[in-house]
Amino acid sequence: MMRALGRWLRHRLMAERATLVDAFRVRLPDPASYARLRQVYADGGVVQVCPLEPTPGVAQRSARVLLQLDGDVMLSVPRDFGAHAQDAALVTRLQSAVGAELQTLQSSLPYNYAALLAVILRVVLLGMGAFGATSSGDALVDWRQTLARIDGLWQVPPATIMAALAAVWHTVGIAWPFLLTASAAVGFSFGRALRLGLMSGGRGIIALALRSRH
Amino acid sequence: MADFFVIARNLLTLEINTVLKDGMSSQKMPDLEDAVIDVMEEYCRFLCQYLPADAPDLPFVATPPDALTPDGLTRLRTIALNLRQQSSTREDIKPILSRIQRNCDQMKDFVIAPVSRAKTLRLPAEQAILLRKIWEIGTETVVMQTVVQIDGDVVTRIQPGHQTTADTALHAAHRQSVEVSFRYWQFLVDTLSRFAGAMVRDLLR
């Protein structure tokens, strides 16, 4: 009886661990599209420009779309927009290019919330660094240092998370009877209580690890 | 994180502008300090066109500015306000004067010390975004503007003279810009909901 209970508990714990490891596994987004995401944030938005066909008297014509990070859009067109038959079609193509850019950004995001959190954290930090600096003089060095720091931070998760998970796992291995008792006391299922404990502990350790590296 | 929340709050309102601008280039916004001075120079040039002939030159126009001071902003604001209140001022430039006045007020938040091209200006994200908007729009005329609120209100303004069928191509282009803005908004909401959904699902499974 006790052996069966032990087997069941071990089985449940292994299942919990597998789920947890899967939840925390950092699946890196496609590097090219992630680089684009980073560039968009550093540029302060998506900018697309397309030349328009010349009209009598105006040789250089172009349309420009700026999609800012807060969702505002500014479309700039020449004063004689619509004078050439191709104008509307070219601007439609321009808008499609911005749409495709959004699609790229979307596909660059991972589906795993821990990795997504890492991307958001990294992009927000990058944005602060990029906006706080400029592209000249010592500021460029600052900007590069910010990138390097964030890139360094990006390298942390796989190894540190697994180490953190191992630490949590060992801690829980000692603490699980208390967790079990506590979960029974508040009417939680064993699995849910264990998961909550593991996740909050894991998050805390990861946060500490990231902060120490930062 | 404060500026992150300001950006998040700005997401509750989408603003889509269509402006008419000739001689565009694909030039990106320059460094922040250069952008501030560019904006001020453009405002000066614009205001000088409408100042009385006997009015003294604005300091930025008389000599190329090597430094912009908070007092300069206050002066530009006052000139824009005075021009706007004069009955002889053309109606079509009053919105631009109003914009200059408002933007000078907003820029006072970060032009608290003299700004020069040689001195790096550092701004938090929300002010950099604000400066970018100000720099991009300059003194151009906004012919169509759509404001979308999170509660579903959508307001579109069209400058008189651009509501006719002759501007069908312009209307279509503006509509596409609104769609792009919506798609971006959906992209962000989708990302956040995916994030929150995955976390909640994992916690409650």
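Nothing here was measured: the structure is a model prediction, and the numbers come from that model.

1. Thoughts on the overall build of chain A
If you tally the helices and strands in chain A, you get 6 helices and 3 strands. The linear arrangement of helices and strands in chain A, starting from the amino end, is α-α-β-β-β-α-α-α-α. For chain A, buried positions account for 45% of its 214 residues. Considering only intrachain contacts with a sequence separation of at least 6, the fraction spanning at least 24 residues in chain A is 64%. As presented, chain A carries roughly 10600 Å² of accessible surface, and 63% of it is formed by carbon and sulfur atoms.

2. Overview of the side chain of D72 of chain A
In this structure, D72 of chain A sits in the loop between β2 (61–68) and β3 (73–77). Using a relative accessible area of 10% as the deciding quantity, one classes D72 of chain A as buried. Aside from chain neighbours lying at most four places away, what touches D72 of chain A is L66 and L67 of chain A together with T13, L14, E15 and K133 of chain B.

3. Remarks on the confidence of the model for chain A
Residue and element names in this part refer to chain A. Taken over all residues, the pLDDT of chain A has a mean of 64, while the share at 70 or more is 34%. Scored below 50 in pLDDT, residues 153–157 makes 14 contacts in the model with residues more than four places away or belonging to other chains. Here residues 210–214 is modelled with pLDDT under 50, and outside its nearest four sequence neighbours on either side it reaches 7 contacts, counting other chains as well.

4. A look at the sheet that holds β2 of chain A
For sheets, the rule is that strands pair by backbone hydrogen bonds, running either parallel or antiparallel. The strand order across the open sheet built from 6 strands is β1(A)-β2(A)-β3(A)-β1(B)-β2(B)-β3(B), with neighbouring strands paired in mixed fashion. The open sheet has two edge strands with one neighbour each: β1 (45–52) of chain A together with β3 (154–158) of chain B. Between one strand and the next, the sheet's axes are offset by a mean angle of 10°, whatever the strand orientation. Pairing analysis gives 7 bridges linking strand β1 (residues 13–20) of chain B to strand β2 (residues 142–149) of chain B, with the strands arranged antiparallel. Bridge pairing in β2 of chain B places E15 of chain B opposite V147 of chain B.

5. Some remarks on the packing of aromatic side chains
Aromatic ring pairs are defined here through the distance separating the ring centres and the angle between the ring planes. Residues and elements named next belong to chain B. What the rule picks out here adds up to 2 aromatic pairs over all chains. Considering the side-chain rings of F46 and Y50, the 5.1 Å spacing of their centres and the 55° angle between planes classify their relative orientation as tilted. Highlighted residues: F46 and Y50, both in helix α2 (residues 32–50), separated by 4 residues, approximately one helical turn. A residue is classified by how much of its surface remains accessible, and F46, at 6% relative accessible area, is buried.

6. A look at α2 of chain B
Note that an α-helix has 3.6 residues per turn; residues three or four places apart therefore point the same way. For α2 of chain B, which comprises 19 residues, the first-to-last C-alpha distance of 28 Å matches the rise-based estimate of 27 Å (1.5 Å per residue) to within 8%. Of all the positions in α2 of chain B, only L32, E33, D34, A35, V36, I37, V39, M40, Y43, C44, F46 and L47 of chain B are classed as buried.

7. Some points on the packing of α2 of chain B against helix α5 (residues 94–107) of chain B
Residue and element names in this part refer to chain B. One can describe the packing of α2 onto α5 by two numbers: an axis separation of 12 Å at closest approach and a directional angle of 150°. The hand of the α2/α5 crossing is left-handed. From α2, V39, M40, Y43, F46 and L47 reach across to α5, where they touch I96, L97, I100, N103, C104 and M107.

8. Observations concerning the nonpolar core
Counting residues in each nonpolar core, the largest one holds 32 residues, and the members touching the most others are Y43, L47 and M107 of chain B. Counting residues per element, the ones that place at least two in this core are α2, α4 (70–85), α5 and α6 (125–137) of chain B. Broken down by element, the residue count for this core peaks at 10 residues, all from α2 of chain B. Every residue in contact with M107 of chain B, bar those within four places of it in the chain, is listed here: V39, M40, Y43, L73, L131 and I134 of chain B. Counting residues in hydrophobic clusters, the runner-up holds 31 residues, among them L67 and L94 of chain A together with L20 and I129 of chain B.

Calculation criteria
- Residues numbered from 1 in each chain as written.
- Chains lettered and ligands numbered in written order.
- Predicted model: local features only at pLDDT ≥ 70, side-chain atom pairs only at ≥ 80, totals over all residues.
- Heavy atoms only, no water.
- Helix = DSSP H or I, 4+ residues; strand = E, 2+ residues; numbered from the N terminus.
- Buried < 20%, exposed > 50% of the residue type's maximum accessible area, 1.4 Å probe, protein only.
- Contact = heavy atoms within 4.5 Å.
- Areas by Shrake-Rupley, 256 points an atom, 1.4 Å probe, with all protein chains shown as cover.
- pLDDT = per-residue confidence, 0-100.
- Pairing = 2+ DSSP bridges.
- Axes fitted to C-alpha atoms, helices over the stretch in contact; angles between N-to-C directions.
- Phe/Tyr/Trp six-rings, centres within 6.5 Å; stacked < 30°, edge-to-face > 60°.
- Expected span 1.5 Å × (residues − 1).
- Left-handed = near helix turned anticlockwise from the far one by under 90°.
- Core = buried A, V, L, I, M, F, W, Y, C linked by side-chain atoms within 4.5 Å.

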